[in-house]
Every structure is written in C-alpha cells, then in structure tokens.
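# Notes for the structure review
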Amino acid sequence: MDHFQYRNDELFAEDVAVSDIAQKHGTPAYVYSRATLERHWHAFDDAVGEHPHLICYAVKANSNLGVLSVLAKLGSGFDIVSGGELARVVEAGGDPGKVVFSGVAKTSEEIAYALKLGILCFNVESESELYRINDVAGNMGLSAPISLRINPDVDAQTHPYISTGLKANKFGIPWERAVDCYTLAASLPNLTVKGMDCHIGSQLTSIAPFVDALDRLLDLVALLRQHGITLSHLDVGGGLGVTYEKETPPHPREYAAALAKRMGEHQDLTLILEPGRAIAANAGILVTQVEFIKAGDDKHFAIVDAAMNDLLRPALYSAWQNIIPLRPRNDEPQALYDVVGPVCETGDFIGKDRELAIRPGDLLAVRSAGAYGFTMASNYNSRCRPPEIMVDGKQVLLVREREKQKDLWKGEHKVT
Ligand code: LLP
C-alpha cells in the first residue's frame with residue numbers, strides 16, 4: 001500500500017494534491033511520500049521480528065538526502081556501492097556503523113574512507129579484493145570487517161540485466177570456491193571475518209529463489225564451522241520485487257518472515273536484508289505535463305516534458321510503469337498513445353500503447369518511480385535534471401532543487 005490515492009478525482013500524495021505541487025515546482029518533478037517510505041521500511045523490520053537483524057536500505061535505489069534522512073531516523077542501516085553513497089549516508093545522518101559496502105571494484109581510497117568511518121562490513125567479491133582491503137587496513141593499523149559475497153548459482157527468474165546470482169554473472173565468489181576463499185581471508189592479518197552475503201537479482205516476484213539461496217548459504221555456514229570459521233551475520237541482499245503492472249510479488253512481510261523462519265535454528269547469526277526497490281519504488285512518482293499530441297493513423301503520440309534522461313527504466317529495460325492522469329477527465333475520449341519525451345532518440349519513451357484521455361497541458365504521474373528513477377537520471381541532451389519533492393502529511397519539502405542551466409557545465413572549462 002502507498003499514499004498516492006485519488007480523492008474526488010484528484011491524485012493526492014498523502015494530504016497534498018499533486019497538481020498543487022506541479023503548479024509550484026513545475027514539471028517534470030519527482031514526488032516522494034515519507035509515510036510510504038516509512039511504512040515499507042517497517043514492513044521489513046517488523047516482519048523479521050525477534051531474530052537479531054538489520055535492514056540495510058540499498059542506497060542506489062534512491063539516494064536523495066531527504067530519503068536517506070527519513071530512513072536514518074528509523075534506525076536503518078544502509079547498503080552502499082561507492083564512496084559517494086557513503087558520503088551521502090553520513091551527510092544524511094546515517095550511522096556508518098550500520099553500513100555494508102557492496103560492489104565488485106572498491107578503490108583503495110574508498111576502502112580507506114570506509115575504514116576511517118568504521119563501517120559494519122565490506123561485502124567482498126573476489127580474492128584480489130581481499131588482498132586490497134588487507135593492504136589498506138594494514139597501512140592504517142586497522143582490521144577490516146569482511147563478508148564474502150557468495151554466488152549461489154540460483155536463477156532469480158528476472159530480467160537478465162538485473163539477474164546477479166548465476167555463475168554466468170560477474171558477481172560474487174563461486175559457491176565451490178567459498179571455503180578456500182574464507183580460509184584465505186582468515187589467514188590475512190588485517191581482516192576480521194564477520195559474515196556471508198549474496199544478492200541474486202532484482203525485481204524477484206516469488207520467494208522460492210530467495211529461500212534456495214539462503215539454504216545454500218546456510219549449508220556453507222555449517223561447512224565453514226567444520227573448518228573452524230564462525231560467522232556472526234548472514235546478509236541475504238535485496239531484490240524483492242514490486243507491483244508495476246500485474247506482478248504479484250510477496251509482501252515484504254511474507255518475504256522477511258520466510259527468511260527469518262529459515263534462520264530459526266541459527267539464532268547466533270544476525271540477519272541482514274538489503275531492500276531498495278521494495279522500499280522506494282512505490283513511494284515515488286514522476287509528474288510530467290503533456291506538451292503536444294501528435295495524431296497518427298495507427299496510434300497517437302503524447303509528447304510529454306519528461307524523457308529517458310529523467311526516467312531511464314522504460315528505455316533501458318523496456319520496463320512498464322503505470323501512467324495515470326492527475327485529474328482524470330470524462331470530456332475526452334480514450335485513445336491509444338505512446339507516451340514519449342523530447343530527447344532525440346527513438347528509444348525515448350516512458351510508456352507504449354497506453355489508453356489515455358488527455359489534452360495538451362494535462363498532467364500525468366508515472367507511478368513506481370521512487371526507485372531507480374532519479375538515481376539513474378542523466379543530463380543527456382543537456383537537459384536539467386528534475387527537482388525532488390518529499391511530501392510529509394500536509395507538508396511539501398523541496399529535497400533537491402531543479403538543476404539550473406549553469407549547473408550543466410559545472411567543472412567544465414572552455415578552451416581559448
Ligand atoms: N544489494 C545489492 C548488492 C544490489 O546489487 C542491489 C541492486 C540491491 C541490494 C537492491 O536490490 P533491490 O532490492 O532494489 O532489488 N536499475 C535496475 C535495478 C538494478 C539493481 C542493482 N542491484 C532497475 O531499475 O530495475
């Protein structure tokens with residue numbers, strides 16, 4: 001459930017009419033709901049129940065300081081993949097002691113920065129990375145907490161671009177090599193072996209692959225114990241899907257409860273979850289205005305002011321996101337539209353074959369845009385990125401200003 005609902009034929013974000021926000025801040029604009037973010041986070045946290053656990057929100061889904069600060073206030077941990085994401089967490093008031101650092105190629109600078117801040121754990125993806133972290137920690141006179149990302153070779157049955165837990169993917173350490181790799185980690189002087197992690201993919205719509213992966217990891221935990229290596233946490237990654245169209249993913253409550261149940265006999269292991277999309281996607285919309293309608297023989301084009309640079313998912317993954325009017329009208333017949341942006345690419349579409357009753361000047365909301373929306377936005381075609389707005393009850397907070405044209409060439413230099 002989210003807090004974007006119609007009231008008397010007018011779309012509201014919590015207690016604010018979205019058209020009022022559009023009027024004040026212009027379009028395109030991202031609008032987030034604080035209550036929805038909080039609700040989704042609590043759904044995970046409550047479901048794990050009494051088992052020791054930490055919800056580490058995946059910052060890549062939506063890294064706006066407003067979003068991060070809302071989650072930090074709930075006591076959330078964070079899953080990061082760069083020094084930049086770590087800096088954002090710190091700036092937003094997040095606790096570095098609750099940060100796990102994922103990613104296949106952390107630089108020495110990023111490792112040093114994270115060690116200085118005292119993060120919870122490095123999720124390590126290769127032997128080479130173990131050596132690098134060991135070296136950096138040694139130079140700083142510190143011991144680095146590490147976990148190994150195990151590739152469990154489980155098919156997440158999702159889009160190939162966002163499937164990560166198969167042998168064919170670049171991520172993690174193959175299950176078969178895990179014991180050797182842990183033995184190496186335990187032998188390196190500046191590392192402290194803390195845990196095990198995995199992440200099998202994103203937008204998963206059933207529980208089975210998660211449970212399969214967890215079982216494979218738990219087998220490995222037992223095997224490691226026989227080799228004298230004991231762990232203190234197990235991190236199952238993120239990946240729970242959301243409803244964009246007709247998908248019926250398990251509720252975060254069911255998902256987290258299924259995992260916690262599996263952990264029953266492993267009370268000594270803290271469970272870490274790294275949800276991103278399931279917390280943020282349906283806590284945000286992208287508001288856009290219809291500029292022109294181009295009528296065609298077969299279908300029409302609704303040219304809107306948002307484009308692939310603002311929301312890349314449709315162009316990159318052929319992702320389907322619902323497009324709804326802020327004020328549904330009955331004085332215009334429904335017609336079939338491709339909703340396209342102003343960018344000079346055929347792939348610049350937000351939605352195809354959508355039944356809409358619209359006129360130029362109408363405002364539309366692209367739903368489920370709170371995750372992998374703004375974070376994947378670019379300045380392609382020298383377009384200024386949209387503002388981000390957080391609604392909290394009746395309050396409207398501008399949490400990122402619309403970019404200005406002079407921001408476009410910040411740091412660039414003319415040649416004379
Ligand atoms: N942990 C790790 C190590 C990850 O790589 C990811 C996502 C997550 C957690 C969070 O996954 P989530 O709960 O959000 O599914 N841009 C794509 C999604 C890429 C996901 C990459 N990794 C999209 O828009 O669909």
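Small disclaimer: the values here were computed from a predicted structure and weren't measured.

Let's shift gears to the overall build of the chain. Assigned secondary structure in the chain consists of 12 helices and 21 strands. Its C-alpha radius of gyration of 23 Å places the chain within 12% of the 22 Å reference for a compact globule of 416 residues. The 416 residues of the chain split such that 48% are buried. At a minimum sequence separation of 6, the contacts of the chain that also span at least 24 residues come to 71%.

Turning next to the site of the ligand. With respect to spatial proximity, 20 residues lie near the ligand, and among them Ala58, Ser202, Gly238, Gly276 and Tyr372 are the closest. Those elements giving two or more residues to the shell around the ligand turn out to be helix 10 (277-280) and helix 11 (313-317). In terms of residue class, the shell around the ligand is built from eight nonpolar, eight polar and four charged. Counting contributing residues per domain, the shell around the ligand is built from domain 1 (4-32 + 281-408) and domain 2 (34-279), each supplying no fewer than three.

A word on the nonpolar core. Counting residues in hydrophobic clusters, the biggest one holds 118 residues, and the most contacted among them are Val31, Ile133 and Val366. Looking at this core, you find at least three residues from each of domain 1 (4-32 + 281-408) and domain 2 (34-279). The residues contacting valine 366, other than those within four sequence positions of it, are Ile285, Leu286, Thr288, Ala306, Leu311, Gln321, Ile323 and Ile350.

This paragraph deals with the UniProt feature "active site" (unreviewed entry) in the chain. Following the UniProt record, one finds the feature "active site" (unreviewed entry) at Cys344. One can find cysteine 344 in the loop between strand 17 (335-340) and strand 18 (349-356). Judged by local crowding, cysteine 344 falls into the exposed class, with 9 C-beta atoms found within 10 Å.

Here the chain shows a mean pLDDT of 95. Residues at 70 or above account for 96%. We note a pTM of 0.97 for the whole complex and an ipTM of 0.99 for its interfaces.

Okay, unusual backbone geometry next. Across the junction of threonine 27 and proline 28, the peptide omega takes the value -10 degrees, indicating a cis bond. Of note in this structure, serine 318 is not a glycine but carries a positive phi near 50 degrees. Turning to its location among the elements, serine 318 is positioned in the loop between helix 11 and strand 16 (323-325).

With that settled, the discussion passes to the environment of asparagine 190. Mapped onto the secondary structure, asparagine 190 falls in the loop between helix 7 (178-187) and strand 11 (191-197). When neighbours within four sequence positions are excluded, asparagine 190 is seen to be in contact with Asn134, Ala137, Gly138, Leu142, Ser143 and Ala144.

For the rest of this paragraph, the subject is the sheet that holds strand 3 (residues 16-17). The strands making up a sheet associate through backbone hydrogen bonding, with each pair oriented either parallel or antiparallel. Taken together, the three strands give an open sheet; going across it, the order is 1-2-3, and neighbouring strands pair in antiparallel fashion. Sheet topology places strand 1 (4-6) and strand 3 at the edges, where each strand pairs with a single neighbour. Here strand 1 pairs with strand 2 (residues 11-13) via three bridges, running antiparallel. Following the sheet pairing, phenylalanine 4 is matched in strand 2 by alanine 13.

Time to look at helix 3 (residues 65-73). Those residues of helix 3 lying buried are Val67, Leu68, Val70, Leu71 and Ala72. In this fold, the buried residues of helix 3 make contact with strand 4 (29-33), helix 2 (34-48), strand 5 (53-58), helix 4 (83-91) and helix 10.

Packing of helix 2 against helix 9 (residues 252-262) leaves a shortest axis separation of 8 Å and a crossing angle of 30 degrees. Between helix 2 and helix 9, the angle falls in the class roughly parallel. In this structure, helix 2 crosses over helix 9, and the sense of that crossing is right-handed. Of helix 9, the residues touching helix 2 (which contributes His40, Ala43, Phe44, Ala47 and Val48) are Pro252, Arg253, Ala256, Ala257 and Ala260. Counted by class, the contact of helix 2 with helix 9 contains eight nonpolar, one polar and one charged residues.

With domains assigned, the chain is organised as domain 1 (4-32 + 281-408) and domain 2 (34-279). For domain 1 and domain 2, the distance between their C-alpha centres works out to 32 Å. Each partner contributes to the interface: domain 1 provides 24 residues, whereas domain 2 provides 21 residues. Ranked by residue count, the leading element in the side of domain 1 that touches domain 2 is strand 20 (residues 388-392), at four residues. A class-by-class count of the residues in the side of domain 1 that touches domain 2 yields 13 nonpolar, seven polar and four charged.

Rules and cut-offs
- Residues numbered from 1 in each chain as written.
- Predicted model: local features only at pLDDT ≥ 70, side-chain atom pairs only at ≥ 80, totals over all residues.
- Helix = DSSP H or I, 4+ residues; strand = E, 2+ residues; numbered from the N terminus.
- Rg over C-alpha atoms; globule rule 2.2 N^0.38 Å.
- Buried ≥ 20, exposed ≤ 12 C-beta atoms within 10 Å, placed from the backbone.
- Contact = placed C-beta atoms within 7 Å.
- Near = placed C-beta within 6 Å.
- Nonpolar A, V, L, I, M, F, W, Y, C, P; charged D, E, K, R; others polar.
- Domains from an automatic or database assignment.
- Core = buried A, V, L, I, M, F, W, Y, C linked by C-beta atoms within 7 Å.
- UniProt positions renumbered as here; feature names shortened; annotations may be inferred.
- pLDDT = per-residue confidence, 0-100.
- Pairing = 2+ DSSP bridges.
- Axes fitted to C-alpha atoms, helices over the stretch in contact; angles between N-to-C directions.
- Parallel < 35°, antiparallel > 145°, perpendicular 65-115°, else oblique.
- Left-handed = near helix turned anticlockwise from the far one by under 90°.

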